[in-house]
Amino acid sequence: DEADIYSVIRNGDVLVHHPYESFSASVERFIRSAVNDPKVLAIKLTLYRTSEDSPFIPELIRAAEAGKQVVVLVELKARFDEERNISVAQLLEKAGVHVVYGLLGLKTHTKTALVVRHEPEGMRAYAHIGTGNYNSKTAHVYTDLGLFTCDPRITGELVELFHYLTGRSLKKDFKHLLVAPINMKRRFLEMIEREIEHCAAWQQRGSNPDDPQRPHIIAKMNSLEDKGVCHKLYEASQAGVRIQLIVRGFCCLRPGVEGLSENISVISVIGRLLEHSRIFHFYNNSKPEYYIGSADWMYRNLNNRVECIVPIYDTALRQRLHQILDILHADERQAWDM
């Protein structure tokens, strides 16, 4: 039953891990259900890269023709996809889709979808926030994560994010979402600083380096280059915070340098699938926090792009993310030490 995906999400947040879990049975189905469901009033989506024969485009056109409010944010400057994105945008506009071309001077890189549905209790919003593009081809060869949720803390802010993208909101802060270029970099620096503060208290208690309660940060991303973040991580390492980084591409931070970064390790996992998901974990004095989303710790992601990173509140889903990080750290075949 197509409409059933909503009751699944109402029962609790859902985390999907592609390509191990089907992209077509989750993300494509989420959009398809929204198109077919008469109770759905609005569908909003950001398109950064999409495949030649994307199932999303004809579905969104069908939704607009059926009288639903459809808003699609198309990034015209997605490298190598400029031409395709222009023709997709023209197709959508012809069908009556409200096409937005993003904010002046900022590339829209966030991977988010929002569905507004009329339910017995009133309007309810459902969201998908992912680490990968809405691209059915790359979904088979990139590892990516996505969260489906109807938690009003998240969906309420996502509604605001779409207002911001369509120029209808000047929202200056978000409480739950980390949104670049609004609050993401500041929040990341604050979370690193918080580990530094917890570390001072931990050291007063006797600081055994193998203590599982030692303040630590684990972050997985494609590339690491932002100077502000690198300097803050060096500061945290010198304060005694353990930092484990999994960086697939280039990394401008030097781990293991005495007096500078001896508490930082960096590995890169290069395997059959392209590691594309971003996961951020802060120990936070035994109240662990986990985040996933579209941004790397790069200057361009934090300052020049619209990005969205979502906190994972569900305990079981946090455990799954922890398990993914554990598997990557245990890899002795495809992991490279920097």
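My aim in this report is to walk through the structure given alongside it, one point at a time.

What counts, and at which threshold
- Residues numbered from 1 in each chain as written.
- Predicted model: local features only at pLDDT ≥ 70, side-chain atom pairs only at ≥ 80, totals over all residues.
- Heavy atoms only, no water.
- Helix = DSSP H or I, 4+ residues; strand = E, 2+ residues; numbered from the N terminus.
- Rg over C-alpha atoms; globule rule 2.2 N^0.38 Å.
- Buried < 20%, exposed > 50% of the residue type's maximum accessible area, 1.4 Å probe, protein only.
- Contact = heavy atoms within 4.5 Å.
- Lys, Arg positive; Asp, Glu negative; His and termini not counted.
- Charge placed at Lys NZ, Arg CZ, Asp CG, Glu CD.
- Phe/Tyr/Trp six-rings, centres within 6.5 Å; stacked < 30°, edge-to-face > 60°.
- Expected span 1.5 Å × (residues − 1).
- Bend = angle between axes of the 7 residues up to and from the residue.
- Core = buried A, V, L, I, M, F, W, Y, C linked by side-chain atoms within 4.5 Å.

Quick notes on the overall build of the protein
Move 1: What the protein contains, in helices and strands, is nine helices and 17 strands.
Move 2: For 338 residues, the compact-globule estimate of 2.2 N^0.38 gives 20 Å, and the C-alpha radius of gyration of the protein, at 20 Å, lies within 12% of that figure.
Move 3: On the principal axes, the C-alpha backbone points of the protein span a range of 65 × 45 × 40 Å.
Move 4: Counting across all 338 residues of the protein, residues that qualify as buried make up 56%.
Move 5: Counted over contacts in the protein with a minimum sequence separation of 6, partners at least 24 positions apart contribute 71%.
Move 6: Here the protein contributes 42 positively and 43 negatively charged side chains, and the mean placements of these two sets differ by 3 Å.

Observations regarding the packing of aromatic side chains
Move 1: Considering all chains together, one arrives at 10 aromatic pairs under this definition.
Move 2: Aromatic side chains Phe 56 and Tyr 134 sit 5.8 Å apart centroid to centroid with 75° between the ring planes, which places their arrangement in the edge-to-face category. Of this pair, Phe 56 sits in helix H3 (residues 56–65) while Tyr 134 sits in the loop between strand E7 (122–130) and strand E8 (142–149), and the two are 78 residues apart along the sequence.
Move 3: Assessed through its relative accessible area of 2%, Phe 56 is described here as buried.
Move 4: Aromatic side chains Phe 282 and Tyr 291 sit 6.5 Å apart centroid to centroid with 75° between the ring planes, which places their arrangement in the edge-to-face category. Take Phe 282 and Tyr 291: they sit in the same class, and that class is buried.

What to know about the environment of Gln 244
Move 1: Mapped onto the fold, Gln 244 is located in strand E11 (residues 242–247).
Move 2: Apart from the residues within four sequence positions on either side, Gln 244 is in contact with Ile 217, Ile 218, Ala 219, Ser 265 and His 329.

A look at helix H2 (residues 24–36)
Residues that lie three or four places apart on an α-helix share one face, since the helix turns once every 3.6 residues.
Move 1: Under the 1.5 Å per step criterion, the end-to-end length of H2 is only 16 Å for 13 residues, more than 12% shorter than the ideal 18 Å.
Move 2: At Phe 30, H2 shows its largest kink, close to 35°.
Move 3: Taken residue by residue, H2 has Ser 26, Val 27, Glu 28, Phe 30, Ile 31, Ser 33, Ala 34 and Val 35 as its buried positions.

Here we look at unusual backbone geometry
Move 1: In this model, His 18 is joined to Pro 19 through a cis peptide bond whose omega is 0°.
Move 2: Along the chain, Pro 19 falls in the loop between strand E1 (14–18) and H2.
Move 3: Residue Ala 180 is joined to Pro 181 through a cis peptide bond whose omega torsion reads 0°.
Move 4: Its place among the elements puts Pro 181 in the loop between strand E9 (178–180) and helix H6 (184–204).
Move 5: The residue Asn 284 is not glycine, and still its phi comes out positive at about 50°.
Move 6: Its relative accessible area of 8% is what places Asn 284 among the buried residues.
Move 7: A positive phi angle is found at Ser 286, which is not glycine, with a value near 65°.
Move 8: Along the chain, Ser 286 turns up in the loop between strand E14 (279–282) and strand E15 (289–293).

Section: the side chain of His 163
Move 1: Looking at the secondary structure, you find His 163 in helix H5 (residues 152–165).
Move 2: Its relative accessible area of 18% is what places His 163 among the buried residues.
Move 3: Excluding residues that lie within four positions of it along the chain, His 163 makes contacts with Lys 44, Arg 168 and Ser 169.

What to know about the nonpolar core
Move 1: One finds Leu 158, Leu 161, Leu 177, Ile 292, Val 310, Ile 312 and Leu 321 to be the most contacted residues of the largest nonpolar core, which totals 37 residues.
Move 2: Elements supplying a minimum of two residues to this core: strand E3 (69–74), E7, E8, H5, strand E12 (264–269), E15, strand E16 (305–311) and helix H9 (315–330).
Move 3: Among the elements that take part in this core, H5 stands out by supplying six residues, more than any other.
Move 4: If we skip the residues at most four places from it in the chain, Val 310 touches Ile 129, Leu 147, Ile 154, Leu 177, Tyr 290, Tyr 291 and Ile 292.
Move 5: One finds Ile 5, Phe 56, Val 115 and Ala 139 within the second-largest nonpolar core, a separate group that totals 36 residues.

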